[in-house]
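The lines below spell out each chain.
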Amino acid sequence: MSLVRLNIKGISYSQTQNGAYALILNEVDGERKLPIVIGAFEAQSIAIALEKEIRPPRPLTHDLFKNFADRFDVIVKQVIIHKLVDGVFYSSLICERDKIEEIIDARTSDAIALALRFDAPIFTYKNILDKAGIYLKVNPKKEDEDELQDSILVDDLLANELEPNAPRENYKGKTLEELHTLLDEAVSNEDYEAAAHIRDEISKR
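Everything in this summary refers to the structure shown in the same document. Note that residues are indexed from 1 along each chain, following the sequence as it is written. In view of the model being predicted, local features appear only for residues whose pLDDT reaches at least 70, and side-chain atom pairs are presented and counted only at 80 or more, with totals across whole chains, interfaces and linings using the full set of residues. The basis for the side-chain values is all heavy atoms of the structure; hydrogens and waters are excluded.

With respect to the pairing of strand S4 (residues 75–85)
Reasoning step 1: With 9 bridges joining them, S4 and strand S5 (residues 88–97) adopt antiparallel strand pairing. Bridge pairing in S5 places Ile-80 opposite Ser-92.
Reasoning step 2: Counting the residues between successive antiparallel strands, the hairpin from S4 to S5 contains 2 residues, one of them, Asp-86, with a positive phi of roughly 55°. Here, any two strands with at least 2 DSSP bridges between them count as paired. Each helix is a run of H or I in the DSSP string that is no shorter than four residues. Each strand is a run of E no shorter than two, and both are numbered from the N terminus.

Right under this line is the structure:
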């Protein structure tokens with residue numbers, strides 16, 4: 001069976017399960033996307049890995065695995081989503097140590113969170129993509145709307161890990177130096193909601 005390489009398009013809220021998120025994968029050489037329902041913790045871990053500017057002061061579980069693997073010279077070469085049964089995706093980590101390759105079973109959400117940290121490619125089999133893949137809508141006039149619906153919701157994800165209705169501080173009156181100081185403090189306090197908003201304000205400058 002032929003392998004199809006995937007990349008991460010983004011994360012959106014699951015429309016079918018409360019408290020869950022949909023991880024959206026895209027085939028690299030095509031237009032199909034593969035939605036996978038994942039839990040809030042895994043979604044946050046993936047979002048933080050995608051957000052290069054936000055570094056947790058203490059390692060998350062997937063960061064700990066990466067640190068452990070680095071210490072013992074274990075690398076994750078690739079992730080393969082190899083099976084789909086009753087709507088559940090099964091994945092494997094293809095690892096290597098001392099030129100010996102091992103295959104480790106993993107939940108797909110964990111496997112992808114680790115793939116991001118190891119810069120490992122993600123693959124699935126063509127028959128799985130044929131079965132579960134869906135096509136993006138092709139409508140130039142609605143391209144921006146579709147992008148908003150399907151795109152990454154990293155900032156919202158980080159924010160909703162705390163209080164989704166909490167008031168947001170206005171950072172427009174702050175200087176760049178003050179914003180960078182606030183960003184460092186927010187990350188140190190693991191306040192990823194504030195960190196996401198501060199980072200956005202810095203980017204606008």
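Some thoughts on the packing of aromatic side chains
Reasoning step 1: When the centres of two rings from Phe, Tyr and Trp lie within 6.5 Å, Trp using its six-membered ring, the rings pair. Their planes under 30 degrees apart give stacked, over 60 give edge-to-face, and anything left gives tilted. Going through the model one piece at a time under the given rule, you end up with 2 aromatic pairs.
Reasoning step 2: Aromatic pair Phe-65 and Phe-118: ring centres 6.5 Å apart, planes at 75°, arrangement edge-to-face. Here Phe-65 is found in helix H2 (residues 61–71), whereas its partner Phe-118 is found in helix H3 (residues 108–118), with 53 residues between them in sequence.
Reasoning step 3: Given a relative accessible area of 33%, Phe-65 falls into the partly exposed group.
Reasoning step 4: Between Phe-68 and Phe-72, the aromatic rings sit 4.9 Å apart at their centres with planes inclined by 45°, giving tilted as the arrangement.
Reasoning step 5: A simple rule labels every residue: compare its accessible area, found with a 1.4 Å probe on the protein chains alone, to the largest value its type can have, and call it buried under 20%, exposed over 50%, or partly exposed in between. Residue Phe-68 is classed as exposed on the basis of its relative accessible area of 55%.
Reasoning step 6: Comment: the charge-over-ring label is applied if NZ (Lys) or CZ (Arg) is within 6 Å of the ring centre and within 35 degrees of the ring normal. Here the guanidinium or amino end of Lys-66 rests over the ring plane of Phe-118, the centre of that ring lying 5.1 Å away.

Concerning the pattern of salt bridges
Reasoning step 1: Salt bridge, as used here, is a side-chain nitrogen of Lys or Arg placed within 4 Å of a carboxyl oxygen of Asp or Glu. On inspection of all chains with the given rule, the structure shows 10 salt bridges.
Reasoning step 2: A salt bridge links Arg-32 to Glu-27; its shortest N-O distance comes to 3.0 Å.
Reasoning step 3: We classify Arg-32 as buried; its relative accessible area is 12%.
Reasoning step 4: For Glu-27, a relative accessible area of 9% puts it in the buried group.
Reasoning step 5: Each of Glu-27, Arg-32, Lys-126 and Asp-130 takes part in salt bridges that share partners, so that together they form one network.

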